[in-house]
Amino acid sequence: MASGACGGSTPAPKQPEPPVSYTPTRVPVESEEPEEGVQIVGARGRMDVSLIEAGIAPHKQALSDCYMENVNKRRWLGGQIILWWEINREGTVTAVRLVETEPGTNLGNWPIEKCLLDVARQATFGKPVGGDADFQIPLEFAAKGKATVWNEDQALRAVGGQTVKLDACAKGKVAKPEDVSITLYVGPGGKAQSVGFASKNAIDDAWAACAEKAAMGWRLPDPKGQIAKLVVTYR
């Protein structure tokens, strides 16, 4: 160790890895060859990756803060969020939503998801080429702890018919969503620890807030000293 003997400066501390990473994907026009690392989602207009990057860049820290400021001591809380934007030909964001990932990989925390949506709705982008366009960005949040993932049969047995209680969340101007993927973490005593949502269709924020409160009160099996993660579908 030849560091301090000659009066050298102390090495700079290693910067921690960011808790969130992303790779933009977009929708190209039919005649365009896909770029390396870009996922083809459909064939409408297209958004250049450079425009996506420029629109997201001012909000990267805010997206990271959504996780860091809400994860608290839940070291097992981690997974993927896919943010989907719809942009009209004038460059105006017409919709932002959370879409489904592979089963069991969703993050599963509505406060974080709502924060990410709020940040995403503030982003502005340039005009797409060739008409209205969509693109999506998957955000990866690395968990520091471990959760045991229950399979589909275990999840259905655990939740049973309790999803019907979510029907009451659709009232007045709050629309009932379709095919919602509900990710839920279960802790000691069968108590829900965290709940989140995703869907191919739009989910009303008010419905999600109500559904989170209801799902946090579900009676579930005790995972016996572990944190269990499960996914069920609400139709």
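What counts, and where the lines are drawn
- Residues numbered from 1 in each chain as written.
- Predicted model: local features only at pLDDT ≥ 70, side-chain atom pairs only at ≥ 80, totals over all residues.
- Heavy atoms only, no water.
- Helix = DSSP H or I, 4+ residues; strand = E, 2+ residues; numbered from the N terminus.
- Buried < 20%, exposed > 50% of the residue type's maximum accessible area, 1.4 Å probe, protein only.
- Phe/Tyr/Trp six-rings, centres within 6.5 Å; stacked < 30°, edge-to-face > 60°.
- Salt bridge = Lys/Arg side-chain N within 4 Å of Asp/Glu carboxyl O.
- Pairing = 2+ DSSP bridges.

## Notes on unusual backbone geometry
Right, so step 1: Backbone geometry places asparagine 72, a non-glycine residue, at a positive phi of 50°.
Right, so step 2: Position of asparagine 72 among the secondary structure elements: in the loop between helix 2 (60-71) and strand 3 (79-87).
Right, so step 3: At lysine 224, a residue that is not glycine, the phi angle is positive and equals roughly 60°.
Right, so step 4: In this structure, lysine 224 sits in the loop between helix 5 (205-215) and strand 9 (228-234).
Right, so step 5: Judged by its relative accessible area of 68%, lysine 224 falls in the exposed class.

## Observations concerning the packing of aromatic side chains
Here a ring pair, both rings aromatic, is described through the centre-centre distance and the interplanar angle of the planes.
Right, so step 1: Going through the model one piece at a time under the given rule, you end up with eight aromatic pairs.
Right, so step 2: Here the aromatic rings of tryptophan 76 and tyrosine 185 are separated by 4.8 Å at their centres, their planes lie at 40°, and the arrangement is tilted. Here tyrosine 185 lies in strand 7 (residues 180-186) and tryptophan 76 lies in the loop between helix 2 and strand 3, a separation of 109 residues in the sequence.
Right, so step 3: Owing to a relative accessible area of 0%, tyrosine 185 belongs among the buried residues under this scheme.
Right, so step 4: With a centroid separation of 5.6 Å and an interplanar angle of 70°, the aromatic rings of phenylalanine 197 and tryptophan 207 are classed as edge-to-face. With phenylalanine 197 in strand 8 (residues 192-199) and tryptophan 207 in helix 5, this residue pair connects regions lying 10 residues apart in the sequence. Here phenylalanine 197 matches tryptophan 207 in class, with each residue buried.

## Here's the deal with the pattern of salt bridges
Right, so step 1: Counting across every chain of the model gives nine salt bridges.
Right, so step 2: Among the ionic pairs, glutamate 90 bridges to lysine 127, the shortest N-O distance being 3.8 Å. In this pair, glutamate 90 sits in the loop between strand 3 and strand 4 (93-99) while lysine 127 sits in the loop between helix 3 (110-122) and strand 5 (133-141), placing the two residues 37 residues apart along the sequence. The burial state of glutamate 90 is the same as that of lysine 127; both residues are exposed.
Right, so step 3: Between aspartate 205 and arginine 121 there is a salt bridge; the shortest N-O distance is 2.9 Å. With a gap of 84 residues between them, aspartate 205 in helix 5 and arginine 121 in helix 3 connect regions that are remote in the sequence.
Right, so step 4: Relative accessible area serves as the criterion here: at 38%, arginine 121 is assigned to the partly exposed category.

## Observations concerning the pairing of strand 3
Right, so step 1: Among the nine residues in strand 3, eight count as buried, and that is most of the element.
Right, so step 2: Inspection of the sheet shows strand 3 paired to strand 5 by nine bridges, in the antiparallel sense. Bridge pairing in strand 5 links glycine 79 to phenylalanine 141.
Right, so step 3: The antiparallel hairpin formed by strand 3 and strand 4 contains five residues in its connecting segment, where glycine 91 sits at a positive phi of about 90°.

Purely geometric numbers; function is a separate question.
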